[in-house]
Amino acid sequence: MPTTLVECVPNFSEGRDAAKVDAIVEAMKVDGVYLFDREMDADHNRCVITLVGEREAIQEAAIRGVGKAAELIDLNTHHGAHPRLGAADVVPFIPIAGVTLEDCVAMAKHVGAEIFKRFAVPVYLYEAAATRPERQNLENIRRGQFEGIRDEIATNPSRLPDFGQAHLHPTAGATVVGARKALIAYNVFLSTADVEIAKKIAKAVRFSTGGLRFVKGAGFLVRGMAQVSMNLTDFEQTPIHRVFEFVKREAARYGVVPVSSEIVGLIPKLALEQAAEWFLQVENFDSSLILENRLAGVMEGKASVGGLRAGVEPFIEQLAAPTATPGGGSAAAASGAMAAGLAAMVASMSRGKKSYLQYEPQLSEAVARLAALRDELKAAIDADAASYNAVMNAYKAAKQSTNGATLINAALREASSVPLGVAERAAEVAAIAAGLRPVTNPMMKSDLTTSIALAGAAIQGALANVDINLDSIEPATPDDETFVHRTRARAAELTAQS
């Protein structure tokens, strides 16, 4: 299993010529990248390709796909119901495993730069990768579409791309590249051909005109039926069943009903579990009630428990086991990682909101730094256990060695350095979390309080491990003495700060 998995869902402005789509898909064949889905829509004249792959490989696949689309698609002759700016219109990266949203932001920036460098196709960055608050929403970037932006870009500075000059590619337009959470492309067909009704319902349901948060929507005529076309950008906060019921109630105002709905691309399993729970009204529903989830939990060592508990239970049980590792040092690192995660969540949920736009740079900086700290603290969970095991091995090896004291002290120095690093990172997490209080939603103050408390526990626990390892060092060289003195001084500083 790859250590990093990223989803990429490029949208191309071609939904009628299967040969062109075949060529684009063929161009994106790169080792380590897998084709999960392919959708073509003739009315929208658009295709959606879903790829999943390793971090490095999927970037190259996306770049090649954009290049092939630029070669084959001419927007001057392109017509379809869906708005478009480029031959390769949108290229989002979505974290799946072993990567964060911030990692995907870095990927988007790299891919954007390469697209312009290789193909002279300008690139705009959107969603989490946006360089300006107004560019977080794709609609703002694409307003006016290919023709409007082509005519305006030379005279309007706000239209300048993030990569490229003040003009579009003559046939391929521009590409919008970004990073985001998993999105559900969800369309509802109505029992009417009156597209104006679909547009009115879309206006009611989308967030930008007063509707549901994390919903974007538009009305189209597709296959002879009015269609409410939507993107659900955070299905966990605005679930799909709530969106369907909202559309259904709005449709009733005009004497029509939904006749069917469709999902374009793939949908997370959790979204369907939420819908099943809501529509079936199952009491005390838990994801572990699903046979396949229970089976996966058992096979992966998560016992028979589902939900959030399943993710942490194996580590908790390892802590409880009658073995020396993992121990307090690993637990301290885990506490620090959780602190960083909570603080990042608070910053991310305030970033991009109108009330906090003035704090956008500070929030983005906090999210990026917390992601790095979180990864370092997670790595320290294993590093602490490994350093303890190294000390035990050093004591054993010392019995057969002429320089046993050197072996032991070297291992103890490493076993002191790891928790000291945990304490330093946890202290930084606590400082960032405290700084977020005045610039984030006050309704989330309990999350920041918890984050700071977890960081404090990480500091205290880690420094206790530092002390016990330093106490075991019997200096054999001046370097040992210097190390002990310097490390104790740094630990005292961290204790005073916390």
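To be clear, the structure that these remarks concern was listed above.
Not measured: the values here are computed from a predicted model. (Residues numbered from 1 in each chain as written. Predicted model: local features only at pLDDT ≥ 70, side-chain atom pairs only at ≥ 80, totals over all residues. Heavy atoms only, no water.)

*Asks:* Is there a simple way to think about the packing of aromatic side chains in this case?
*Replies:* For any pair of aromatic rings, geometry is given as the distance between the ring centres together with the angle between the planes. In the structure shown here, the tally under the stated rule is two aromatic pairs. When the ring of F244 is compared with that of F279, the centres are 6.5 Å apart and the planes differ by 70 degrees; the resulting orientation is edge-to-face. A residue pair is termed long-range when its members are at least 10 positions apart, and F244 in helix α7 (residues 240–252) and F279 in helix α8 (residues 269–280) qualify at 35 residues. Ring plane angle 90 degrees and centroid distance 4.9 Å describe the contact between W278 and F279, whose orientation is recorded as edge-to-face. The class for W278 is partly exposed, based on a relative accessible area of 42%. Of the aromatic side chains, those joined through ring pairs into one cluster are F244, W278 and F279. Positioned above the aromatic ring of F207, the side-chain terminus of R213 is 4.2 Å from the ring centre. A cation sits over an aromatic face here: R213 above F214, 4.4 Å from the ring centre. (Phe/Tyr/Trp six-rings, centres within 6.5 Å; stacked < 30°, edge-to-face > 60°. Helix = DSSP H or I, 4+ residues; strand = E, 2+ residues; numbered from the N terminus. Buried < 20%, exposed > 50% of the residue type's maximum accessible area, 1.4 Å probe, protein only. Lys NZ or Arg CZ within 6 Å of the ring centre and 35° of its normal.)

*Asks:* Honestly, unusual backbone geometry in this entry has me stumped. Any pointers?
*Replies:* Trans is the prevailing form of peptide bonds, just as negative phi is the prevailing case for residues other than glycine. Residue P326 is bonded to the preceding T325 through a cis peptide linkage, with omega at -5 degrees. Along the chain, P326 turns up in the loop between α10 (309–320) and α11 (328–350). Phi is positive for Q145, close to 55 degrees, though the residue is something other than glycine. Overall, the relative accessible area of 28% leaves Q145 in the partly exposed class. In this structure, R223 takes a positive phi of about 50 degrees despite not being glycine. On the secondary structure map, R223 appears in the loop between β9 (215–222) and β10 (225–232).

*Asks:* Please clarify how a nonpolar patch on the surface should be interpreted in this entry.
*Replies:* A contiguous nonpolar surface patch, about 310 Å² in accessible area, is contributed by Y34, F36 and L266. Within the element layout of this structure, Y34 appears in strand β3 (residues 33–41). In this structure Y34 comes out as partly exposed when scored by relative accessible area, which is 48%. (Patch = residues over 30% accessible without salt bridge, like charges linked within 9 Å, V, L, I, M, F, W, Y side chains within 5 Å. Areas by Shrake-Rupley, 256 points an atom, 1.4 Å probe, with all protein chains shown as cover. Salt bridge = Lys/Arg side-chain N within 4 Å of Asp/Glu carboxyl O.)

*Asks:* Is there a simple way to think about the side chain of S229 in this case?
*Replies:* With respect to the helices, strands and loops of the structure, S229 is situated in strand β10. Polar contacts involving the side chain of S229 include one to the side chain of N187, which spans 3.0 Å. Sequence-distant contacts of S229, defined by excluding residues within four places in its chain, comprise H44, Y186, N187, K216, G217, A218 and F220. (Polar contact = N/O pair within 3.5 Å; in protein donor to acceptor, adjacent residues only side chain to side chain. Contact = heavy atoms within 4.5 Å.)

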